[in-house]
Amino acid sequence: MSKPLPTILRTHVTALRALLVLTVILGIAYPLLITGISQVAFDDKANGSIVTSDGKQVGSSLIGQSFDLPKANPDDPKEESRPDPKWFQPRPSANGYAGDNSGASNLGPNSEDLLKAVDERRAAVAAFDGVDPATVPADALTASGSGLDPHISAAYAEEQVDRVAKTRGLPVETVKHLVDEYTEGRSAGFLGNEGVNVVLLNKALSEQK
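Residues numbered from 1 in each chain as written. Predicted model: local features only at pLDDT ≥ 70, side-chain atom pairs only at ≥ 80, totals over all residues. Heavy atoms only, no water.

### Quick word on the overall build of the protein
Next, step 1: Within the protein, the regular secondary structure consists of 6 helices and 5 strands.
Next, step 2: Along the protein, helices and strands appear, N-terminal first, in the series α-α-β-β-α-β-α-α-β-β-α.
Next, step 3: Taking 209 residues into account, the globule formula puts the C-alpha radius of gyration at 17 Å, and the protein, at 25 Å, lies well above it.
Next, step 4: Its C-alpha atoms put the protein at 95 × 45 × 45 Å along the principal axes.
Next, step 5: Looking at the protein as a whole, 27% of its 209 residues are labelled buried.
Next, step 6: In the protein, the proportion of contacts linking residues at least 24 apart, taken out of those at least 6 apart, comes to 56%. (Helix = DSSP H or I, 4+ residues; strand = E, 2+ residues; numbered from the N terminus. Rg over C-alpha atoms; globule rule 2.2 N^0.38 Å. Buried < 20%, exposed > 50% of the residue type's maximum accessible area, 1.4 Å probe, protein only. Contact = heavy atoms within 4.5 Å.)

This is how it looks when you write it as structure tokens:
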């Protein structure tokens with residue numbers, strides 16, 4: 001008859017068995033099961049809601065991006081980006097829409113820096129879109145909490161219609177129709193306001209002849 005293992009050794013063997021079983025179940029089987037379900041039921045969302053144009057990946061419908069003119073000197077970090085007038089412009093972002101660095105500016109309503117930035121943005125947006133500064137929507141002046149939101153208000157999208165249509169040589173009604181088509185309702189039917197996904201809108205715009 002074999003001699004039983006010491007109590008302390010039996011305890012360690014039992015713990016090791018439990019670790020191996022839980023590793024297989026929770027570290028391998030469960031992740032594979034959830035991944036399989038997500039790929040079957042939510043293929044687009046599970047893979048990042050990637051937006052493609054002409055067979056190329058151009059972004060994600062979940063993350064905003066800038067639509068700027070090419071820099072005169074791409075290697076100059078001090079050269080400021082300039083918005084491209086042929087695209088609908090997103091709201092400001094405190095982190096340049098960097099997915100690995102989401103967050104807001106953390107500037108409060110009494111911050112002089114924030115108030116100055118809002119005034120400068122108001123003047124710049126009004127001049128860019130050719131509208132009265134008093135009519136510029138709030139989301140054109142302030143960043144979202146995450147700095148990644150791809151949506152703008154319907155009012156801000158409508159403000160840009162004339163400028164985009166003129167720059168692209170498209171009928172205003174055509175561009176207005178695109179804005180209406182990509183205007184999304186309130187979350188759950190009553191939360192927030194109607195919004196327009198700029199990434200999807202600009203993709204549709206690029207496909208206009």
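### Side note on the nonpolar core
Next, step 1: Membership of the largest hydrophobic core comes to 25 residues, with the highest contact counts inside it found for Phe88, Val175, Val179 and Leu205.
Next, step 2: Contributing elements (two or more residues each) for this core: helix 3 (112–129), helix 4 (154–168), helix 5 (172–181) and helix 6 (198–206).
Next, step 3: Broken down by element, the residue count for this core peaks at 5 residues, all from helix 4. (Core = buried A, V, L, I, M, F, W, Y, C linked by side-chain atoms within 4.5 Å.)

### Side note on the packing of aromatic side chains
Next, step 1: Within this structure, the stated rule accounts for 1 aromatic pair.
Next, step 2: On the numbers, 5.8 Å between centres and 40° between planes, the contact of phenylalanine 67 with tryptophan 87 is tilted. One end of the pair, phenylalanine 67, is in the loop between strand 2 (56–60) and helix 3; the other, tryptophan 87, is in the loop between strand 2 and helix 3, with 20 residues separating them in the sequence. Per residue, the accessibility class of phenylalanine 67 equals that of tryptophan 87, and both read buried.
Next, step 3: Seen from the ring of tryptophan 87, arginine 168 lies directly overhead, with NZ or CZ sitting 4.3 Å from the centre. (Phe/Tyr/Trp six-rings, centres within 6.5 Å; stacked < 30°, edge-to-face > 60°. Lys NZ or Arg CZ within 6 Å of the ring centre and 35° of its normal.)

### Thoughts on the sheet that holds strand 3 (residues 151–153)
Next, step 1: Spatially, 3-5-4 is the arrangement adopted by the 3 strands of the open sheet, whose pairing is antiparallel. The sheet is open, and its two edges are formed by strand 3 and strand 4 (183–184), each paired on a single side.
Next, step 2: Sheet topology note: the strand 3/strand 5 (residues 195–197) ladder contains 3 bridges and is antiparallel. Bridge assignment links isoleucine 152 to a residue of strand 5, and that residue is valine 196.
Next, step 3: In the packing of helix 4 onto the sheet, contacts are made with strand 3, strand 4 and strand 5, and the angle to strand 3 comes to roughly 80°. (Pairing = 2+ DSSP bridges. Axes fitted to C-alpha atoms, helices over the stretch in contact; angles between N-to-C directions.)

### Some remarks on the environment of glycine 195
Next, step 1: Structurally, the position occupied by glycine 195 is in strand 5.
Next, step 2: For glycine 195, a relative accessible area of 9% puts it in the buried group.
Next, step 3: As a C-alpha pair, glycine 195 and alanine 154 span 41 residues in sequence and 5.3 Å in three-dimensional space.
Next, step 4: For glycine 195, the residues in contact, after removing those within four places along its chain, are His151, Ile152, Ala154, Tyr182, Thr183 and Glu184.

### Here's the deal with the environment of isoleucine 28
Next, step 1: With respect to the secondary-structure elements, isoleucine 28 resides in helix 1 (residues 7–41).
Next, step 2: Separated by 38 residues in sequence, isoleucine 28 and serine 66 place their C-alpha atoms 39 Å apart.

### Points about the pairing of strand 1 (residues 50–53)
Next, step 1: Alternating positions in strand 1 separate cleanly, Val51 and Ser53 being buried on one face and Ile50 and Thr52 remaining unburied on the opposite face.
Next, step 2: Adjacent in sequence and paired antiparallel, strand 1 and strand 2 are bridged by 2 residues, among which aspartate 54 carries a positive phi angle near 55°.

### Re the side chain of arginine 163
Next, step 1: Here arginine 163 shows up in helix 4.
Next, step 2: Here arginine 163 falls in the buried class, since its relative accessible area comes to 8%.
Next, step 3: A distance of 2.6 Å separates a polar atom in the side chain of arginine 163 from the backbone oxygen of tryptophan 87.
Next, step 4: Of note is the side chain of arginine 163, whose polar atom sits 2.8 Å from the side chain of aspartate 129.
Next, step 5: Other than its neighbours up to four places away in sequence, arginine 163 contacts Asp84, Pro85, Trp87, Phe88, Gln89, Phe128 and Asp129. (Polar contact = N/O pair within 3.5 Å; in protein donor to acceptor, adjacent residues only side chain to side chain.)

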